[in-house]
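What follows is the residue order along each chain.
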Amino acid sequence: MATVTSSSGNTEVVTVRRTESRDVPAIISLFSSVTEDVFGRMDVTYLLELSNLALTLCNEKNEVMAHTAFLDYPNWNITDQAEWEPFLHENYPDNKCTPLNTLFVHLFVAKEGYAAGCSQEIVRKAFILLPDLQFILLFIPAEKRLGFSHSELDLGDVFEMIVPVPLSRVERRFTLLACPRHRCHPQLYVRQARLEDYDDLMLIWTPQSETLKETYGEYLLVDLIEREGEENQAAVCEVGGTAVGFMSLCSNVNISLLQECFDLGPFHGLCKPHPEDILEVPRKPSVQGDEDESSQTSQQPEPVSSQNLEHVPGADAAVQKDGAVTVSQTEPLVDSQGSAAPLLETGEEGDLHPVNGGASNVFSIRLFCIDEQYKSRSLDFLQYAFNVFPDRDLCVILVPHHVPEFPLIRSFVRAVPSCPSRLGRELYVFHRAGLLTSFNVRKAATSDLEGVKRLIENLSLNENMWNDSKLFTETRTDPDGMPLQAFVAQVLDQVVGVAVTRDEMDTEYIRSHYNIEDFINFNDHQQEEHGHLFHFVLNPVFHHYAKYFLKEILRLGHKSSLYYPIYPEYVESTFQHPCAHSLTSALHYMAPVRPRRQIVYPLQELGVSAPSEQVSKDQLKYSLNLINRKLVLEPKVCINSRIVVVGASDVGISFLETLIFWPRLKFNNLTLISIHGLPGKDPLISKYRRFLINSHCFNDEDYAQMSLCSWVNVVVGKMTSINRSAKYVVVSKEKVPYDYLVLCTGQSYQALAPMGEYISEVTSQWPQRYTEQVPSNLFTLNDAQDCFEAALWLEEHRLIKSTENIIVYGNTIDTYTTVEALLSLGIEGSRIHLVWAPPGSASPCLLEAALEQAVCEALEGARVVVHPNSILAQWGHGDNGLLTWAAFTTASTLLHLQCSAFFSFAYRTLDYDIFKAVTDACLVFDGRVVIDTEFHTNDVSIRAAGPLTKFSRRYYRDELTHSNFNSKEIGFELAVSMLSLFDSKLQPSSEPPEGSDRLIPVYRRCKVQGGVLPGGYNYLHISKPGIPVPLDVELDPYDRGTEIVTGEATQGNYFRIHFSRYNMVDSITCFSKEPFPVSNYICLYGQHERLLNDLYYRWGAGQLTDLYSYFREPWSLAIYHDRFIDLQKELHQMLMSEEVPGQLPRLKPGRPSLREPVLRYLRHHRAQ
């Protein structure tokens, strides 16, 4: 907070924040009679779209007092935005402005009388937010053109006039005002620490003592100052003779420990080059073959390639000459040379490590603290630090995972931790050459090709990068004739970065399939302003300049946005162009864009009214990342806390999805522990998912558009132990450390143990888990990988066309889908024995008797043998250990069946290894893991969600669990509950009502089940969250609501829709021989019948004979649109704002009618 004083002496307490779109009306209200004269005619909304930085100053009442928009090129269109630097040096030759250190004011408005104070405070804030910013410039019309003196603008004393060269053409038209940094927020003076600084430093040290202790360990300030010597140095920064910051440095660094815990290849292992160094490590052979190797390696969060970093003795020395490296999120770029293998060091597990024989080339920051007011100038210490260690080129700092990222380390490169790392801290590295400020970006030229070649020669996909760079210099177009643009980053005339872009021609598809309008106002951008980023490579020494590299690409290329797609791994290995883009170190600064839910269009019915091919075309799905002018200087908050998710269930995937797409945060340490790794990695496997019922939470397209492997580490295996005190879990005898553990394993089908005796009724001993080795032909299917392996086993053992029996045993709907899947494989129905297990506590397979009857007839038609409720009594093994027969008991008979394969769906519970890990860790377990309404277990660091959990008994709702709700919604709410730990904006504005912590939260999304049942029937059931019950029990005889049914189950055209007593859709059942658009029908849930084109009226008038065709009519498409909910909320707010108690809502004169937002919605989204 600060205080500004008006020209009349009034004072206001103000704060400066980034401008938001909702500020536009208030900004326009500040326009004065001279605003247009000084800045020209302005469209504020459009200006905010283009601004690199926009700041708004507010008073204590949150009223907008002033606003300033900064761009990286001059206002008034004085010169082309890509040419302003030579223009400025031609007309103002003594200036030191560069694109790296300069911004231009394009608009400044302030409340009358407060302009001077507001301008000073906003400019000061700009210098604080952008440490590399040195100059703020403003072109205003010359006084003769304005008709009044510049002093009347009341900009205070922060700006000074810059005199152009004599006879300059600019002088007659414009005057240049400049504000250098030293006027508002100067750089700090850094010197050696002295004992006399102790009193000043204690004023900073004491308030931060607990944080410093957690971050660096326990130190005494006086000891750090007194122990200065050859290995230890201490520095302070001072303002006006007072010490305001302290840094302790040490050149004695345990390099071997850091090499063991981090991938330090890009930094030469923190050692000086040596002739006997071996830097390139052969890839460890993949057990699963070459095809799967990429998927395993791509799970590292920030892998890097190995390169040599040459010694850079001083700030003006030449930078690295032997190429560069790219820091990537999606694939480790390591080239292998087999000849180096025999000379490499071998760890305990046989892994190979680089050998660095040179002397230490690093010093460390042992402790750092600075006054909060000057923390943005933390980097000023580093020039002094490198001067006191002139023989060291690298500086490192170790930071605990839970410590929030502070300004100093934002300019450092985060080293990739090894998995698992036993150090338990994050390592950040800074190279001496990173202090160089001669970072210059320009369009590539033919003379740059040799430098580009050296830069990329050791990188994966270097051939693609080289070819595209040559194409630009030779033809300026790609093979498709699209214009290419190439840019190079230079330091001291050496190429340290290269980027290749082209125009993005698929903007309509991107707009309709991704939520880019969360980041840009699409209508304010021209087609040619959208760019596609193909390649981006930057030496890690200058990684902190990546955002400026991107900013310059936008400026020099006349672009407002850049898009970067990441295709799934199975696409990358098949297609090299255009899908296999080079990996980008810029991904850290880009924003992942959420995909949009798509309407399944009835194209035949729509005819000429169908959407354009650009919108409806079917193409490869990818994850989209975006950067634009607004985002390029807006830092993300990096979270290093280690969040480990156990289980790739719908809940776990939804949880990770929410964290990944959260706009303000970037999570560096997300880890997923899963038996089969990430789902959706192979479409060939996913098609076997039809063995099981589908929740329709995620599909392969969703996984492709999330690209979890770009952001999440994956540990393939099963968790077998939890050590709560040391905070790690054990997976395949490896320790995986965590700060927060999230259990989302769900429940899974387990091998059922035979009762061992012939009994005809269920006892308390049934069911039990089979504890011996499970035969290979006993299948318990829980995910697509299990289904694929089962189908593969049947094929390999030639059981598809044999005459041997297959038993499907269970009491859930998965038995039906499995029988249909077996039939679809070509297995004769007479060989399939469907044996029903006693129902127990499981819900009925099909809630409607008509559907059950149709399925039974289909089974009979396929000659599948169905056996009534039976208890597994015994089974027998052959010499090869496979099951050969099984015996069941019923109420009246003994059933003995020969079998070659046995599918068990009778016992679904928590996996035993998970159960043992949970109970051994002393987490409260009551049949399931016990949680509260915020997903907490009895350990504050461990959360759990999904079907493996139950609410504590204190809520008195034992029958209600997460399995009764939508898994995707549960995962989202779980993520939101954790995000409040990291995002201060999520903190509740007021205290929750007393007693609310004793109430189970209300979840509103529908539950969905879908699949293909025997007879080829496509089945879908959408229901409200809660405990499922049969239809005849569900309907209240006194309040049945309304039910509408068309078609018949046996005819394969059955459609049932049920409305609550409030005329809202609360359940839908589809049973059809033809496929139908599931995602469309899910949108119908919760809608009022009037929104469904007066469904009651049409039903009563006899106009409805087929609900399938009814919901394909054009009127319904608006409801299926993903923006329809926004229209509903807008209309609801309009009605609520005009509501008068006891009267119908009505609109006041002069207020917009409800028709206006509806028409606006239809116009805006008609092509999407």
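Definitions and limits used
Residues numbered from 1 in each chain as written. Predicted model: local features only at pLDDT ≥ 70, side-chain atom pairs only at ≥ 80, totals over all residues. Heavy atoms only, no water. Helix = DSSP H or I, 4+ residues; strand = E, 2+ residues; numbered from the N terminus. Buried < 20%, exposed > 50% of the residue type's maximum accessible area, 1.4 Å probe, protein only. Contact = heavy atoms within 4.5 Å. Patch = residues over 30% accessible without salt bridge, like charges linked within 9 Å, V, L, I, M, F, W, Y side chains within 5 Å. Areas by Shrake-Rupley, 256 points an atom, 1.4 Å probe, with all protein chains shown as cover. Salt bridge = Lys/Arg side-chain N within 4 Å of Asp/Glu carboxyl O. Lys, Arg positive; Asp, Glu negative; His and termini not counted. Charge placed at Lys NZ, Arg CZ, Asp CG, Glu CD. Pairing = 2+ DSSP bridges. Expected span 1.5 Å × (residues − 1). Polar contact = N/O pair within 3.5 Å; in protein donor to acceptor, adjacent residues only side chain to side chain. Axes fitted to C-alpha atoms, helices over the stretch in contact; angles between N-to-C directions. pLDDT = per-residue confidence, 0-100. Phe/Tyr/Trp six-rings, centres within 6.5 Å; stacked < 30°, edge-to-face > 60°. Lys NZ or Arg CZ within 6 Å of the ring centre and 35° of its normal.

Per an unreviewed UniProt entry, the recorded name for the protein chain is Cilia and flagella associated protein 61, and the organism is Zonotrichia albicollis.

1. So, the overall build of the protein chain
Secondary structure assignment for the protein chain yields 34 helices and 53 strands. Residues classed as buried in the protein chain amount to 55% of the 1168 residues present. Taking contacts inside the protein chain between residues at least 6 apart in sequence as the whole, the part at least 24 apart equals 73%.

2. A short note on a positive patch on the surface
On the surface, Arg145, Arg169, Arg172 and Arg173 cluster together to form a positively charged patch. It is helix 7 (residues 169-173) that contributes the most residues to the positive patch, three residues altogether. Of note, Arg145 is situated in helix 6 (residues 143-146). Classification of Arg145 by relative accessible area gives partly exposed; the value is 47%.

3. So, the pairing of strand 41 (residues 871-877)
Burial within strand 41 is extensive, with five of its seven residues counted as buried. With six bridges connecting them, strand 41 and strand 42 (residues 883-889) associate as antiparallel partners. Residue Ile871 lies in a different strand from strand 42, and its bridge partner there is Thr889. Where strand 41 folds back onto strand 42 in an antiparallel hairpin, the turn is made up of five residues, including Gly881, whose phi is positive at roughly 85 degrees.

4. Quick notes on helix 27 (residues 967-979)
In this model, helix 27 (13 residues) spans 18 Å end to end at C-alpha, consistent with the 18 Å of a helix rising 1.5 Å per residue. At its buried positions, helix 27 is contacted by strand 28 (643-646), helix 20 (650-660), strand 29 (665-667), strand 35 (740-743) and strand 47 (942-944). At the N-terminal end of helix 27, a side-chain oxygen is found 2.9 Å from the backbone nitrogen of Lys968, two or three residues along, and the residue is Asn966.

5. What to know about the sheet that holds strand 41
Taken together, the three strands give an open sheet; going across it, the order is 41-42-43, and neighbouring strands pair in antiparallel fashion. The two strands at the open ends of the sheet, each matched to only one other strand, are strand 41 and strand 43 (894-898). Put simply, the sheet's adjacent strands are angled 20 degrees from each other on average, direction ignored.

6. Quick notes on the side chain of Thr56
Among the secondary structure elements, Thr56 is positioned in strand 3 (residues 53-59). Within polar-contact distance, the side chain of Thr56 engages the side chain of Thr19 at 2.7 Å. Not counting residues up to four positions away in its chain, the partners in contact with Thr56 are Thr15, Val16, Arg17, Thr19, Asp23, Ile27, Val64, Ala66 and His67.

7. Looking at the confidence of the model for the protein chain
Here the protein chain averages 85 in pLDDT, and 87% of its residues register 70 or above. Across residues 282-350 the pLDDT falls below 50, and counting only partners more than four positions away or on other chains, this stretch makes 193 contacts in the model. Taken together, the stretch residues 573-580 has pLDDT below 50 and engages in 14 contacts with residues farther than four places along the chain or on a different chain.

8. Quick notes on the pattern of salt bridges
Pairing between side chains becomes possible if they bear opposite charge and their charged atoms approach one another. Scanning the model with the defined rule gives 41 salt bridges in all. Of the charged contacts, one joins Arg432 and Asp393 as a salt bridge, the two residues approaching to 3.3 Å between their closest N and O atoms. Within this pair, whereas Arg432 is found in the loop between strand 19 (425-431) and strand 20 (439-443), its partner Asp393 is found in the loop between helix 12 (380-388) and strand 16 (394-400), the two being separated by 39 residues in sequence. Taken as a pair, Arg432 and Asp393 share a single burial class, namely buried. Close ionic contact of Lys718 with Asp911 constitutes a salt bridge, the shortest N to O distance being 3.2 Å. One end of the pair, Lys718, is in the loop between strand 31 (712-716) and strand 32 (719-723); the other, Asp911, is in the loop between strand 45 (908-909) and helix 26 (912-920), and 193 residues separate them in sequence.

9. A short note on helix 20
Among the 11 residues that make up helix 20, 10 are buried, leaving the element largely enclosed by the rest of the structure. For helix 20, the full list of buried residues reads Val651, Gly652, Ile653, Ser654, Phe655, Leu656, Glu657, Thr658, Leu659 and Ile660.

10. Comments concerning the environment of Glu569
By secondary structure assignment, the location of Glu569 is in helix 17 (residues 569-572). Each C-alpha atom, one on Glu569 and one on Lys681, is 7.1 Å from the other, the two residues being 112 residues apart in sequence.

11. Section: the sheet that holds strand 32
Across the sheet, which stays open at both edges, the three strands sit in the order 32-33-34 with antiparallel pairing between neighbours. Edge strands, defined here as strands with exactly one partner in the open sheet, are strand 32 and strand 34 (734-737). The sheet shows a mean angle of 30 degrees between the axes of neighbouring strands, direction not considered. The pairing of strand 32 with strand 33 (residues 728-731) spans four bridges and is antiparallel. Opposite Ile722, over in strand 33, you have Val729 as the bridge partner.

12. Regarding the pairing of strand 50 (residues 1017-1023)
Burial within strand 50 is extensive, with seven of its seven residues counted as buried. The alternating pattern of strand 50 places Tyr1017, Tyr1019, His1021 and Ser1023 and Asn1018, Leu1020 and Ile1022 on opposite faces, both of which are buried. Looking at chain direction, strand 49 (residues 1007-1013) and strand 50 are connected through seven bridges and run antiparallel. Across the sheet, Leu1013 pairs through a bridge with Tyr1017, a residue of strand 50. Counting the residues in the hairpin turn of strand 49 and strand 50 gives three residues, including Gly1015, whose phi is positive at 95 degrees. Sheet analysis places strand 50 next to strand 53 (residues 1065-1072), joined by six bridges and oriented antiparallel. Residue pairing in the sheet places Ser1023 in a bridge with Ser1067 of strand 53.

13. So, unusual backbone geometry
At Arg798, a residue that is not glycine, the phi angle is positive and equals roughly 55 degrees. Its place among the elements puts Arg798 in the loop between helix 23 (784-796) and strand 38 (806-810). Unlike most non-glycine residues, Tyr956 shows phi in positive territory, near 55 degrees. For Tyr956, the position within the fold is in the loop between strand 48 (949-951) and helix 27. Owing to a relative accessible area of 70%, Tyr956 belongs among the exposed residues under this scheme.

14. Considerations on the environment of Pro417
Here Pro417 shows up in strand 18 (residues 416-417). Counting along the chain gives 154 residues from Pro417 to Asp263, while the straight-line C-alpha distance between them is 6.2 Å. What Pro417 contacts, discounting residues up to four positions off in sequence, is Cys261 and Phe262.

15. Things to note about the packing of aromatic side chains
On inspection of all chains with the given rule, the structure shows 45 aromatic pairs. Taken together, a centroid distance of 4.9 Å and an interplanar angle of 55 degrees make the contact between Phe965 and Tyr1003 tilted. Taken as a pair, Phe965 in the loop between strand 48 and helix 27 and Tyr1003 in the loop between helix 27 and strand 49 lie far apart in primary sequence, 38 residues in all. Taking the centre distance of 6.2 Å and the plane angle of 55 degrees together, the rings of Phe1111 and Trp1115 count as tilted. Residue classification places Trp1115 among the partly exposed residues on the basis of a relative accessible area of 23%. Against the face of Tyr912 rests Arg769, its NZ or CZ located 3.8 Å from the ring centre. Across the ring face of Tyr749, the terminal group of Arg908 is positioned such that the distance to the ring centre comes to 4.5 Å.

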